[in-house]
Each structure stands twice: as C-alpha cells, then as structure tokens.
2 protein chains.
Amino acid sequence: MSNKGILIVVSGPSGSGKGTLLQGLMQGNERIKYSVSATTRSPREGEVNGKNYFFVTREEFQQQIQSGGMLEFATYCGNYYGTPRRYVYDNLEAGYDVILEIDVAGATKLMEQGEPAVYIFIMPPSMQELKKRLVGRNTETNEVIEKRLNAAREEIAAAGRYNYIVVNDVIDDAIDKLKAIILCQKCKTVNMKYMIKEVLTDA
Amino acid sequence: MSNKGILIVVSGPSGSGKGTLLQGLMQGNERIKYSVSATTRSPREGEVNGKNYFFVTREEFQQQIQSGGMLEFATYCGNYYGTPRRYVYDNLEAGYDVILEIDVAGATKLMEQGEPAVYIFIMPPSMQELKKRLVGRNTETNEVIEKRLNAAREEIAAAGRYNYIVVNDVIDDAIDKLKAIILCQKCKTVNMKYMIKEVLTDA
C-alpha cells in the first residue's frame, strides 16, 4: 500500500502571490508540511530559527553538502541557501505531503536530478498586474521593481518545464486548483494500483 | 489559447456507483456534457430517444460505422451499441468537457486508437461491498449477481490501464476526486502553455 506523501515543488515570480496561495492551501490541512530552507545568512529581525529558516554556519552547511544532506542548494550574495533532504524525506516517508517553495533554478536542479515531485508554477495573470502588485507593496524602489519584473520575465519563460501552471488571478480559484492538483495525484493509477490487488484478493 | 474541452472516459463494474458519482459530478456544472450512446436495440418502457440512447436502425448504425461516425462500438446480444463521434467532438470543440461512460472493452479500444482522453476507473472499496450493493438492489437473481461479480473481477483486473482509479467508498469524497481530476487536467502545462506567451507579450 502506497502511503507515502507527495513532494510538491512550487515556484513563481516575486509578486505572483505564491505565499498567500500556499498559506491558503495549508490552512486546516494537517497532511501538508512546509519545507524550511537552511541558510548561512544572519537572521533578520523577527525571523525564527526552524520557522523562517534553519540558520546554520558555513561549516555546517558545507558539511551537509558533502554528506549529501542537501536536496538542492545555491549561493546568493555570498550566502548558502538550501533544502535539507532529511526533513523532506522523513515527512514524505511518514505520509505527509511536503511543499518546497524554491526558485526556478532550484526547481530545475531537482528536475535534472530526476527528483520525483509535482512541479507547479504560479503565474501572474499579466505583467501589468504583477507590476501593480509589486508597486502596491510600497516597499521597493523603482529600480528594485524593474529588476524583479525582469527576473519575473525570465522565470515565466521557464514555466514550460513545470508539470502544472496555476494562474493566480482569483485567489480562491487558484487555491482550489492547487488542492485539485494534489488530490488528483493521489488518484493516479501508479499510486492506486495496490487497490486492484487488494480488492481482487478480498473475497 | 486552448479552449477545447476534455474527454473523460469513465468505466467501472456494475454496482461501483458510477452513475451516482457522475450525476454528482455533473450537478450544477454546465461545462460538462454526457455522451449519449447509439443503439439498435428497441427502447424499453420509459426510455427517451436522445436521452437514454439514440435509437437507430441497423442500417443507420452500419452506415455510421462505415463513414467513421462511431468513436467506438460493440455488439451485445445481437444489437449494436456505440458512441457517435460527432456529439463528442462538437462539444469538445465548443469547450465542453464530455463524459463517456463505457465498459472496459470500449475504453480499451479508445486507448488503443490513441484517443486523447482522461481514463478513469471507478473502483468499489471491496468485493464484499460490491456484492452487498448488488444484493441490496433486490432486482437480480443470485445467478445474475454471480455473473456480475465475475464480470466485475475481470474489469477490476484491467483497471491498471486507466490513468486514474477512484475508489467509491464515501460518495462525496469520490465526487470530489472526480472534480479534482478534471480541474487538475486544466492546469497541466500542455494546456496552459499559451499563458506563458500571453503574459510575456502583454507588456
């Protein structure tokens, strides 16, 4: 019997609303765990170890890389960021679905490694809408927003690599789609084949 | 832009509860059409042409076969049964999802023809439960029930050919799974790829 959870890799540009969608997806669902990344950068004010990130030293991180403890990792502004393999695998083994929110580069690495997962790309309904959302945050300079929009264009151009594309236009609709994608995986014949034997041998 | 509907082929043994599930799936959903089969057998009392079946003559049916008008067909007790291609394709083209409720033999033919569809098998939770449901109907002799159970075993053994297996244990859960499978197809990258171009060229 296949009780293992499903690894759900989610990417999407800054401003696509990934965070809100994932919160909505996880709300009240105890069968889903969110994979917390490890990083060597210092915690910012209010950030909690084990919740926002696992804050580790350079040495600890490098040791983890060498022992195969990182599912994927990257460096950004001189700091390491990565996904501790153990948390993910332990939870999958225990039957939880695990969400991995990572960027296109990280997700592409996992695809290339042949990591069995459902790859989902969160798409803004339009570039105008994305810009509106980024400007509406009122926290970034025009220059930063322009950079984010350019990064977004690059990420969106890579969306074709993913298994599913969910357009985040109406939030509740997009959450329903994420839920449907997960429930649908559970019904795949490859995950349900054990039932054929189970039903045929029960009488 | 991909506005075409999805062809949903549903099979499952007598007593699996297919009919109830499909009713629940279609209730209040105007985007789904149910494909009505054609047959050369005479209408039974209360059966309505175009609703239960399209009742046609042998000559009409054979003519349809020869002109490629039947998506699949079979003979049973000396009568023809088949799926008129036109109703299915016209509705798919118009953007409706179309449900085709056919037996394993018919579904297998469609798979072999490479018919693009989502193939779903409705599975009883157990043979005991299936028997209970068939006996509970109080309409069949023991002999007929035994025949149905044997047919069910054969059909269940073929469930591995389908894309999805939905166990009909709790009806509402099973309906949710059918809905999820359909919604999930719409999010597949192959069906959403147009959005990449659309978003990237909008600004």
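Every value quoted in this text rests on a predicted model; they were computed, and no experiment measured them.

Some words on the packing of helix H7 (residues 171–187) of chain A against helix H7 (residues 171–187) of chain B
Interaxial distance between H7 of chain A and H7 of chain B falls to 7 Å at its minimum, and their mutual angle equals 110°. One element, H7 of chain A, and the other, H7 of chain B, form an angle in the roughly perpendicular class. The crossing of H7 of chain A and H7 of chain B is left-handed. Facing H7 of chain A, whose interface residues are Asp176, Lys177, Ala180, Ile181, Leu183, Cys184, Gln185 and Cys187 of chain A, H7 of chain B presents Asp176, Lys177, Ala180, Ile181, Leu183, Cys184, Gln185 and Cys187 of chain B. Here the residues of the contact of H7 of chain A with H7 of chain B are counted per class, giving 10 nonpolar, two polar and four charged.

Digging into the interface of chain A and chain B
Between chain A and chain B, the residue contacts involve 35 residues of the former and 35 residues of the latter. Of the roughly 2900 Å² buried between chain A and chain B, counting both surfaces, carbon and sulfur atoms make up 74%. Here chain A and chain B share zero salt bridges between them. Where chain A touches chain B, the interface holds eight residue pairs in polar contact (both at pLDDT 80 or more). Of all elements in the fold, only helix H5 (127–136), helix H6 (142–157), strand S9 (164–167), H7 and helix H8 (189–200) of chain A reach the threshold of two or more residues within the side of chain A that touches chain B. Taken together, the residues that form the side of chain A that touches chain B break down as 23 nonpolar, six polar and six charged.

Observations concerning the UniProt feature "binding site: ATP" (unreviewed entry) in chain A
Residue and element names in this part refer to chain A. The sites that carry the UniProt feature "binding site: ATP" (unreviewed entry) are, in the present numbering, Gly12, Pro13, Ser14, Gly15, Ser16, Gly17, Lys18 and Gly19. Of note, Pro13 is situated in the loop between strand S1 (7–11) and helix H1 (18–26). The exposure class assigned to Pro13 is buried, which follows from its relative accessible area of 1%. In contact with Pro13, not counting residues within four places along its chain, are Lys18, Phe121, Ile122, Pro124, Ala152, Glu155 and Ile156. Note on placement: Gly15 falls in the loop between S1 and H1. With sequence-adjacent residues up to four places away left out, Gly15 is seen in contact with Leu130, Arg133, Leu134 and Arg137.

A few points about the sheet that holds strand S9 (residues 164–167) of chain B
Strand order in the open sheet formed by five strands is S2-S7-S1-S8-S9 (chain B), and the pairing between neighbours is parallel. Only two strands of the sheet have a single partner each, and these edge strands are strand S2 (32–34) and S9 of chain B. The mean angle between the axes of side-by-side strands here comes to 25°, regardless of whether they run parallel or antiparallel. Judged from the four bridges that link them, strand S1 (residues 7–11) of chain B and strand S7 (residues 97–101) of chain B form a sheet pairing that is parallel. Residue pairing for S7 of chain B: Val9 of chain B is matched across the bridge by Leu100 of chain B. Its contacts with the sheet place H8 of chain A against strand S8 (118–123) and S9 of chain B, and it is angled at close to 55° to S9 of chain B.

Some remarks on the domain arrangement of chain A
Residue and element names in this part refer to chain A. Under the domain assignment, chain A is made up of domain 1 (1–31 + 96–203) and domain 2 (36–94). Between domain 1 and domain 2, the residue contacts involve 14 residues of the former and 11 residues of the latter. When residues of domain 1 are sorted by the area they lose upon contact with domain 2, Lys4, Tyr96 and Val98 head the list and together hold 38% of the total. Inspection of the region where domain 1 meets domain 2 yields zero salt bridges. Linking domain 1 with domain 2 are five residue pairs in polar contact (both at pLDDT 80 or more). Where the side of domain 1 that touches domain 2 is concerned, the elements lending two or more residues are strand S7 (97–101) and helix H4 (104–112). Counting residues per element, the side of domain 1 that touches domain 2 draws most heavily on H4, which supplies three residues.

What about the pairing of strand S5 (residues 70–76) of chain A?
All names here are of chain A. For S5 and strand S6 (residues 79–84), the ladder comprises six bridges, and the chain directions are antiparallel. Bridged to Thr75 within S6 is Tyr80. Hairpin geometry of S5 and S6 is characterised by an intervening segment of two residues between the two adjacent antiparallel strands and by a positive phi of about 50° at Cys77.

Calculation rules
Counting restarts for each chain, with residues numbered from 1 along the sequence as it is written. Chains and ligands are labelled sequentially in the order written, the chains with letters from A and the ligands with numbers from 1. Owing to the predicted nature of the model, reporting of local features is limited to residues with pLDDT of at least 70; listing and counting of side-chain atom pairs is limited to 80 or more, with chain, interface and lining totals taken over all residues. Where side-chain values are given, they derive from all heavy atoms of the structure, hydrogens and water being excluded. Convention adopted: a line fitted to C-alpha atoms gives each axis, helices being fitted over their contacting stretch, and angles between N-to-C directions are expressed from 0 to 180 degrees. Secondary structure elements are defined from DSSP: runs of H or I of at least 4 residues count as helices, runs of E of at least 2 residues count as strands, and each element is numbered from the N terminus. Angles are sorted into four bins: roughly parallel if under 35 degrees, roughly antiparallel if over 145, roughly perpendicular if 65 to 115, and oblique for all others. Take the far helix as the reference: if the near one is turned anticlockwise from it by less than a right angle, the crossing is left-handed, and if turned clockwise, right-handed. For this analysis, residues touch if any pair of their heavy atoms sits within 4.5 Å. Residue type decides the class: Asp, Glu, Lys and Arg count as charged, Ala, Val, Leu, Ile, Met, Phe, Trp, Tyr, Cys and Pro as nonpolar, and the leftover types, Gly among them, as polar. Note: buried area is the sum, over both parts, of the accessible area (probe 1.4 Å) each one loses when the two are combined. Should a side-chain nitrogen of Lys or Arg be within 4 Å of a carboxyl oxygen of Asp or Glu, the pair is scored as a salt bridge. Pairing of N or O atoms within 3.5 Å defines a polar contact, subject to two protein rules: one partner must be a possible hydrogen donor and the other a possible acceptor, and residues neighboring in sequence count only if both atoms are side-chain atoms. UniProt positions are given in the numbering used here, feature names are shortened, and annotations may be inferred rather than shown by experiment. The buried label applies to any residue whose accessible area, calculated with a 1.4 Å probe on protein chains only, is under 20% of its type's maximum; exposed applies above 50%, and partly exposed to all values in between. DSSP bridges decide pairing: two strands pair if at least two such bridges lie between them. These domain limits were set by an automatic method or by a database of domain assignments.

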